[in-house]
Amino acid sequence: SFVLYGGISDSDLVQLYNSIITAFKQRNSVFDEAMTLVGSIALSLEQKFDNLMQDFNQYLSIGLNSTQDSGLCRASIHCMSDIIRSLNNLFSKYISFFFPGILQILSNPDIDKSLKPHAFNVISDLFYCCPNDIFPYYNSIMNLLGSALQAAMNIQNFDDSENIDYFQDLREHILETLTCIFNSITDINKYD
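Attention here is on the structure that accompanies the text.

**Let's talk about the packing of aromatic side chains**
Aromatic rings in a pair are described by how distant their centres are and how their planes are angled relative to each other.
And then number 1: Summed over all chains, the structure comprises 11 aromatic pairs.
And then number 2: Ring centres 6.0 Å apart and planes at 85 degrees place the aromatic pair Tyr17 and Phe49 in the edge-to-face group. In this pair, Tyr17 sits in helix α2 (residues 10-27) while Phe49 sits in the loop between α3 (32-45) and α4 (50-64), placing the two residues 32 residues apart along the sequence.
And then number 3: With relative accessibility at 0%, the residue Phe49 sits in the buried group.
And then number 4: Aromatic side chains Tyr166 and Phe167 sit 5.2 Å apart centroid to centroid with 70 degrees between the ring planes, which places their arrangement in the edge-to-face category.

**Quick look at the layout of surface pockets**
In this approach the atoms are scanned with a rolling probe the size of a water molecule, which exposes any empty space left behind.
And then number 1: Of the voids in this model, the largest pocket is the one considered here, and its volume is about 230 Å³.
And then number 2: Looking at the largest pocket, it is lined by 14 residues, and the ones nearest its centre are Leu106, Lys116, Ala148, Ala151 and Leu170.
And then number 3: Within the residue set of the lining of the largest pocket, elements represented by two or more residues are α6 (95-107), α7 (116-129), α9 (138-153) and α10 (161-187).
And then number 4: The dominant element in the lining of the largest pocket, judged by the number of residues it contributes, is α9, at 5 residues.
And then number 5: Of the residues in the lining of the largest pocket, the class split is 10 nonpolar, 3 polar and 1 charged.

**Here's the deal with the side chain of Ser81**
And then number 1: Following the sequence through the fold, Ser81 ends up in helix α5 (residues 70-87).
And then number 2: For Ser81, a relative accessible area of 9% gives the class buried.
And then number 3: Look past the residues within four positions of Ser81 in its chain and what remains in contact with it is Val122 and Asp125.

**A word on the pattern of salt bridges**
And then number 1: Applying the stated criterion to the full structure yields 4 salt bridges.
And then number 2: A salt bridge links Asp82 to Arg85; its shortest N-O distance comes to 2.4 Å. Of this pair, Asp82 and Arg85 both sit in helix α5, 3 residues apart, which is roughly one turn of that helix.
And then number 3: Residue class for Asp82 comes out buried when judged on its relative accessible area of 14%.
And then number 4: One salt bridge connects Arg85 with Asp125, and the closest N-O pair in it is separated by 3.9 Å. Taken together, the positions of Arg85 in helix α5 and Asp125 in helix α7 put the pair 40 residues apart, joining distant regions of the chain.
And then number 5: On the accessibility criterion, Arg85 (41% relative accessible area) is partly exposed.
And then number 6: We classify Asp125 as buried; its relative accessible area is 12%.
And then number 7: One network of salt bridges, in which partners are shared, links Asp82, Arg85 and Asp125.

**Considerations on the side chain of His118**
And then number 1: Position of His118 among the secondary structure elements: in helix α7.
And then number 2: Of note is the side chain of His118, whose polar atom sits 3.0 Å from the side chain of His78.

Rules of the game
- Residues numbered from 1 in each chain as written.
- Predicted model: local features only at pLDDT ≥ 70, side-chain atom pairs only at ≥ 80, totals over all residues.
- Heavy atoms only, no water.
- Phe/Tyr/Trp six-rings, centres within 6.5 Å; stacked < 30°, edge-to-face > 60°.
- Helix = DSSP H or I, 4+ residues; strand = E, 2+ residues; numbered from the N terminus.
- Buried < 20%, exposed > 50% of the residue type's maximum accessible area, 1.4 Å probe, protein only.
- 1 Å grid on protein atoms, 1.4 Å probe; cavity = no way out; pocket = protein on both sides within 12 Å on 5 of 7 lines; lining within 4 Å.
- Points joined across faces, edges and corners; volume = space filled by probe spheres on them.
- Nonpolar A, V, L, I, M, F, W, Y, C, P; charged D, E, K, R; others polar.
- Contact = heavy atoms within 4.5 Å.
- Salt bridge = Lys/Arg side-chain N within 4 Å of Asp/Glu carboxyl O.
- Polar contact = N/O pair within 3.5 Å; in protein donor to acceptor, adjacent residues only side chain to side chain.

In structure tokens, the structure reads:
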């Protein structure tokens, strides 16, 4: 949190980022706390983070594909969301590299279901920041959202409060995503 609110210079943020990359290389792995920190660094650097993104792609990809480690995958999804909001339309050049991983998280029933609402946030961020560039995926996204909405309406076990809470959360994220998509579609005149 001090990265977001501490008034740290850009050069110190880059130095902190480089320390994280060094730690990834030394451990030969990525870890969730670092992903969270990189997301904060991106939010602080805003579009200047694009200079670091080329190097960070591989690590973010590892985190997003670590679906067996839900904590790391969740932190990586949040990191990606922070990066999208930081880079805004500059993120468009990374969509084809990262978006298939997000679709995989959302469509694979064997992946921890708690990751899915967070992955829907990425879709919202992409439609908000890069609407023209994510639009080619519109049909795939809408099919996925339709399936997710049907699944979210079919709660099997009404006695399990955790299950009910999850499906309520999932529905909220789906509705937020749909709202963002429809607003973006209208803004780029693709409504028809």
